[in-house]
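Single-letter residue listing:
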6 protein chains.
Amino acid sequence: MPKQPIVEITRVLTFAASHRLYNPDWENERNDEVFGKCNNFYGHGHDYDVRVTLRGPADPETGMVINLNIVDRITREEIVEPCDHKHLNHDVQWLRGINPTTENLAVAFWDRLLPHFGEALYKVRVQENPRNWCTYRGEKG
Amino acid sequence: MPKQPIVEITRVLTFAASHRLYNPDWENERNDEVFGKCNNFYGHGHDYDVRVTLRGPADPETGMVINLNIVDRITREEIVEPCDHKHLNHDVQWLRGINPTTENLAVAFWDRLLPHFGEALYKVRVQENPRNWCTYRGEKG
Amino acid sequence: MPKQPIVEITRVLTFAASHRLYNPDWENERNDEVFGKCNNFYGHGHDYDVRVTLRGPADPETGMVINLNIVDRITREEIVEPCDHKHLNHDVQWLRGINPTTENLAVAFWDRLLPHFGEALYKVRVQENPRNWCTYRGEKG
Amino acid sequence: MPKQPIVEITRVLTFAASHRLYNPDWENERNDEVFGKCNNFYGHGHDYDVRVTLRGPADPETGMVINLNIVDRITREEIVEPCDHKHLNHDVQWLRGINPTTENLAVAFWDRLLPHFGEALYKVRVQENPRNWCTYRGEKG
Amino acid sequence: MPKQPIVEITRVLTFAASHRLYNPDWENERNDEVFGKCNNFYGHGHDYDVRVTLRGPADPETGMVINLNIVDRITREEIVEPCDHKHLNHDVQWLRGINPTTENLAVAFWDRLLPHFGEALYKVRVQENPRNWCTYRGEKG
Amino acid sequence: MPKQPIVEITRVLTFAASHRLYNPDWENERNDEVFGKCNNFYGHGHDYDVRVTLRGPADPETGMVINLNIVDRITREEIVEPCDHKHLNHDVQWLRGINPTTENLAVAFWDRLLPHFGEALYKVRVQENPRNWCTYRGEKG
């Protein structure tokens, strides 16, 4: 088979959730200093926007890297359903003990999707609001 | 003074907050039935968008209905500062006992702004996310 | 019961569809003159955005005019499912013989929703793209 | 002819322009007090968004209130071309002596469009940025 | 000449079109299975958004990588004019035999632009709607 | 310490400003030819959108690459406050002699931020409007 174009496809999904940013090993004073109003005891919330990007050759038979229905289904099962209308610090088993910054969420979501998409997984972007987001590409250093 | 054009000006402000929808007089079962996943115990959250519309003649000396800095300052003091990065069911004194649907928030916000703007206050719109909002114009019936 | 605040709630739904604008009673030349490139034989398409607004008192027990899940379900059944990923001139039984301008779609969608929402139905807005939309409030004249 | 549905169609156009807000009859000190940084001598700028709404019966032969191409052409000629990539205080003949607030622009644009659209003209909305706009419906009081 | 900063400029253009996703070598049953409602016989449509990114040194005399008017003109001639208000499967000569997925469109659009921009062409992104897009950078593998 | 995930965080800030594009070493005729209506003597304006991206390991104690409050404060001090409600050709000391294209602004803003963020600074993107932007990553060539 001749070489195929390598493309990136992105799917956007959203969920609404609460979170509180703090380090449980610190005094509340230090948490306030570092996390400010994000350390509110009962939490606050966002309309999260998650963008999953897969990269690879477009299959010449379908013209697709992967069927978006599959991307949709997996992202819903692994991320949207567990997190939507939830408090991320209390309600999501696999986020226990994780401070839900966009950085940590992007890494946690990547780890949930990687077993499904393998090396096709290229980028996960987590947005708290249109002025603030984090992108993770699976790099460590 | 000759008649002046009557215009409407709108200012948009945003805040991030948690809320839980439920009626404390009901069994949890009924709350689940009516409010579904919005009844999650720890709440969930949104990036709220509040639009305040004032209506009146443009002052011929300034070309303004009212200085937007004033609209901004009052809306910040009355709505954004008390609600931003808060859980609306727990943290906001003047929302105690109010089920924080967009409908009830729109009315509560109107009531906060009315003493400042009087009959110039024309419309308050509260948006939970870009697919879902409520508008209140001060009518009762 | 004391008077309740009268509010308006809006729900946005979207669908992707094709359409062709023309009057079958006219020569193609006249159709080209009036509808220009919208008269393309095989049609062209849009990501439609439909906004349904209901108006009424917020129920003091629920804080809602009507449960948005109901608005969602009815609008999906009556509008989104029949129109999504369809050619509006060919595939939608109840649009047969209707030139699918935003004006005619807004009226047709209103007529589909009215039996469900009755006098609570306040406004239907059909958007072809972010630069172009039509609003219908059930008025005739 | 039986009664026709009365609908509202809206067209959005944009232009990029500079302006300075001040009252030339005032001392600069008072202008600073009232207009703040909007009184910058060389001006500042915006990507303006103008929304023209026409209202009337949809013509049964075309399914349109009015052909959007006409709305487009007239709004371009009367508003976009004179204002785009211009300084509104210096470059636009028919804005001379007008303090270019959104309020005054909405009224000035209405007056430009009224001779073309007559009573079909329903609403003109001028937006400086997504957080700030003014609507005029031709009312005086 | 000293080294110049290497920058990327992006221009967004839009068009409205219909398409149908299917493989003509397959039975309709298999097409339905793979492409679902995208296989609707008469097609469906989108408001496409095309983003062309060019990369290179900013010319010290103009402060530009390339004049955006040129990017605009070429993208209009090569992509927007042939595709706007068209059915991509029927009406566009150079898309004949190509299944119009976002992946295949991104590659086809790249191929149209490459002769004009050469190695300055850095990225082409084709968006069907705000939840779904594909990026191509000219790679094969 | 084990290896940490390397992530990118982005913060968006906005300002409203005027600018004029021209090369003062050229005749006005040539400026008109190259810069077209962007060469208007009094300038024109935009609602600029600046996106600052920082890249690095998320600190395991805070879950952050860097506190967004710091990104916010520095970007405000270095870029937003000097440029907001200003004419970029006249009012900003450190833009004197620079033709304020998006390309040159992206480089100038990068240079302002680099002393603060050092190698964590990954990308600066300057947008004039939603159809037109430039990205700089600190490369020269």
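Residues numbered from 1 in each chain as written. Chains lettered and ligands numbered in written order. Predicted model: local features only at pLDDT ≥ 70, side-chain atom pairs only at ≥ 80, totals over all residues. Heavy atoms only, no water.

Further remarks concern the relation of the copies chain F and chain D. With an RMSD of 0.0 Å, the operation that places chain F on chain D is a rotation of 180° combined with a shift of 0.0 Å along the axis. Taken together, the rotation and translation relating the two chain copies correspond to the operation of a two-fold axis. Mapped onto chain D, 100% of the interface residues of chain F are again interface residues, and the two copies thus contact each other with one and the same surface. (Least-squares fit on C-alpha atoms with pLDDT ≥ 70 in both. Contact = heavy atoms within 4.5 Å.)

Counting through the fold element by element, D:E103 comes out in helix 3 (residues 102-117). Not counting residues up to four positions away in its chain, the partners in contact with D:E103 are B:V7, B:I9, B:A58, B:G63, B:M64, B:V65 and D:C134. (Helix = DSSP H or I, 4+ residues; strand = E, 2+ residues; numbered from the N terminus.)

Burial of strand 1 (residues 5-19) of chain C is extensive: 14 of the 15 residues sit out of reach of the surface. Direction of pairing for strand 5 (residues 132-140) of chain B relative to strand 1 of chain C: antiparallel, over a ladder of six bridges. Across the sheet, the residue bridging to B:N132 is C:R11, located in strand 1 of chain C. With 14 bridges connecting them, strand 1 of chain C and strand 2 (residues 44-57) of chain C associate as antiparallel partners. Paired with C:S18 across the bridge in strand 2 of chain C is C:G45. Pairing geometry for strand 1 of chain C and strand 3 (residues 86-87) of chain C, over two bridges, is parallel. Residue pairing across strands places C:A17 opposite C:K86, the latter belonging to strand 3 of chain C. (Buried < 20%, exposed > 50% of the residue type's maximum accessible area, 1.4 Å probe, protein only. Pairing = 2+ DSSP bridges.)

For the rest of this paragraph, the subject is the interface of chain A and chain B. Contacts between the two partners involve 22 residues from chain A, matched on the other side by 22 residues from chain B. In total, about 1,700 Å² of surface goes out of reach between chain A and chain B, with carbon and sulfur atoms giving 49% of it. Per-residue buried area on chain A facing chain B is highest for A:Y42, A:D47 and A:H85; these three make up 35% of the total on that side. Linking chain A to chain B there are two salt bridges. In this structure, the salt-bridge partner of B:D84 is A:K37, at a minimum N-O distance of 2.7 Å. Linking chain A with chain B are 16 residue pairs in polar contact (both at pLDDT 80 or more), by the criterion used here. Listed by contribution, the elements that provide at least two residues to the side of chain A that touches chain B are strand 1 (5-19), strand 2 (44-57), strand 3 (86-87) and strand 4 (121-129) of chain A. Considered class by class, the residues forming the side of chain A that touches chain B number four nonpolar, 11 polar and seven charged. (Buried area = accessible area lost by both parts, 1.4 Å probe. Salt bridge = Lys/Arg side-chain N within 4 Å of Asp/Glu carboxyl O. Polar contact = N/O pair within 3.5 Å; in protein donor to acceptor, adjacent residues only side chain to side chain. Nonpolar A, V, L, I, M, F, W, Y, C, P; charged D, E, K, R; others polar.)

For the rest of this paragraph, the subject is the pattern of salt bridges. Counted under the stated rule, the structure contains 58 salt bridges over all chains. Where F:R73 meets F:E77, a salt bridge forms, and the shortest distance between an N and an O atom there is 3.6 Å. Of this pair, F:R73 and F:E77 both sit in helix 2 (residues 68-83), separated by four residues, roughly a single helical turn. Classification of F:R73 by relative accessible area gives partly exposed; the value is 44%. By relative accessible area, F:E77 is classed as partly exposed at 40%. One continuous salt-bridge network, built from bridges that share partners, spans A:R11, A:D72 and A:R76.

Taken together, the contacts link 22 residues of chain F with 22 residues of chain D. Surface buried jointly by chain F and chain D totals about 1,700 Å² across both partners, of which 49% is contributed by carbon and sulfur atoms. Contact with chain D buries surface across chain F, with F:Y42, F:D47 and F:H85 losing the most and accounting together for 35% of the total. In this assembly, chain F and chain D are joined by 16 residue pairs in polar contact (both at pLDDT 80 or more).

Here we come to the pairing of strand 4 of chain A. Residues and elements named next belong to chain A. Counting buried residues along strand 4, seven of its nine residues qualify, which places the element largely inside the surrounding structure. As defined by bridge partners, strand 2 adjoins strand 4 across six bridges and the pair is classed as antiparallel. By the bridge assignment, L54 is partnered in strand 4 with L121. As judged from the five bridges shared by strand 4 and strand 5 (residues 132-140), these two strands associate in the antiparallel manner. Among the inter-strand pairings, R125 is bridged to a residue of strand 5, identified as T135. Following strand 4, the chain reverses through two residues before pairing antiparallel with strand 5.

Remember that the coordinates give geometry; whether it matters functionally is a separate question.
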